[in-house]
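Letter by letter, the chains look like this.
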Amino acid sequence: MTTEQIASAPVASPACATCSMANLANLRKLGINMEDADYVVALAGNPNVGKSTVFNAVTGLRQHTGNWPGKTVGRAEGGFEYAGRRYKIVDLPGTYSLLSTSLDEEIARNFILFGRPDVTVVVVDATRLERNLNLVLQVLEITDRAVVCVNLIDEARRLGLSVDERRLARDLGVPVVLTAARQGEGIPLLLQMIDEVATGKTVCRPRRIQSEPPALKRAVAALTEKIQAAYPGLPNARWVALRLLDGDERMVQALRSGELLELAGGVAPTAGAGSEGRAPVLQTEAAR
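On a predicted model such as this, the values are computed, not experimentally measured, just so you know. (Residues numbered from 1 in each chain as written. Predicted model: local features only at pLDDT ≥ 70, side-chain atom pairs only at ≥ 80, totals over all residues. Heavy atoms only, no water.)

## Things to note about the packing of helix α3 (residues 51–59) against helix α8 (residues 187–199)
Here is step 1: Where α3 contacts α8, the axes come no closer than 10 Å and their chain directions differ by 80°. In this view, α3 runs roughly perpendicular relative to α8, as classed from their interaxial angle. Contact residues: Val-54, Ala-57 and Val-58 in α3; Ile-187, Leu-190 and Leu-191 in α8.
Here is step 2: Class assignment of the residues belonging to the contact of α3 with α8 gives a composition of six nonpolar, no polar and no charged. (Axes fitted to C-alpha atoms, helices over the stretch in contact; angles between N-to-C directions. Helix = DSSP H or I, 4+ residues; strand = E, 2+ residues; numbered from the N terminus. Parallel < 35°, antiparallel > 145°, perpendicular 65-115°, else oblique. Contact = heavy atoms within 4.5 Å. Nonpolar A, V, L, I, M, F, W, Y, C, P; charged D, E, K, R; others polar.)

## Notes on the pairing of strand β5 (residues 85–91)
Two faces make up the sheet, and in a regular strand the side chains alternate between them.
Here is step 1: In terms of burial, β5 is largely enclosed, as five of its seven residues are buried.
Here is step 2: Relative to β5, strand β2 (residues 39–45) runs parallel, the two being bridged by five bridges. Within β5, the residue paired with Val-41 across the bridge is Ile-89. (Buried < 20%, exposed > 50% of the residue type's maximum accessible area, 1.4 Å probe, protein only. Pairing = 2+ DSSP bridges.)

## Structural notes on the environment of Leu-242
Here is step 1: Among the structural elements, Leu-242 can be located in helix α10 (residues 237–245).
Here is step 2: Between the alpha carbons of Leu-242 and Val-220 there is a distance of 6.4 Å; along the sequence they are 22 residues apart.

## Digging into α8
Here is step 1: A rise of 1.5 Å per residue sets the reference length of α8, with its 13 residues, at 18 Å; its end C-alpha atoms lie 18 Å apart and thus fit the reference within 8%.
Here is step 2: For α8, the complete set of buried residues consists of Ile-187, Leu-190, Leu-191, Met-193, Ile-194, Asp-195, Glu-196, Val-197 and Ala-198.
Here is step 3: Looking one or two residues beyond α8, the residue adopting positive phi is Gly-200, at roughly 90°. (Expected span 1.5 Å × (residues − 1).)

## A look at the pattern of salt bridges
Here is step 1: One pass over the full model with this rule turns up 14 salt bridges.
Here is step 2: Of the charged contacts, one joins Glu-77 and Lys-88 as a salt bridge, the two residues approaching to 3.3 Å between their closest N and O atoms. Of the two residues, Glu-77 sits in strand β4 (residues 74–82) while Lys-88 sits in strand β5, which places them eleven residues apart along the sequence. (Salt bridge = Lys/Arg side-chain N within 4 Å of Asp/Glu carboxyl O.)

In structure tokens form, the structure reads like this:
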């Protein structure tokens, strides 16, 4: 199929898709109750980077566990206060990427993309920084509000490694904090950076891929425009376009079924609905 071929899908409401109430509804769909919090923070990272230790250091005993709605994957969430503001932090499944090749990756991706947390903290291992930065760059393609937590800095020191956090922050365009969560080192600064990003005191300017070939740029621009027309207010339509062009079957299915719109806070698809009240949705070559 080409981008000119279209199928029907539920119509999004521009006003609803961009309002704060819609975002609260999205969080409720994802199982997050914001009645006792002012801001929500997502905690992401590869497996075995000390993410749970960071979570425990930040929340202390103010946490509980359960499952993601409709999933068998466990979820931990907790809370903390900073400068009189209440934060809810959600520990996402450990994952190496957001390319949706596994249930864990899909949950993490959907929460960052559709839950639109006020801050996404990406925990990386100071001793394996290059490998962990793959996830960081993928997260920065989705959200402008992020903090990179370089954990296990004590282990890095023992190995004779050092991390220039100022240069890394400049290169990534987001705050970078060095931590040794088991000892509590760096945790106060991490909380400060979360608060500054959430409240807008620190504005992130994440570094994103700029070296796309001209043909890819044209394809992404055309597809992004069509997605925005079909889904007004969809967060980061450009990223969705990139995933479709890459042949992400899970994203294609979500687009065709209306799940993408439902997650984005639009009108949920109804069984047996006809073409009335429905809008065009792109089907790319990758969706054949």
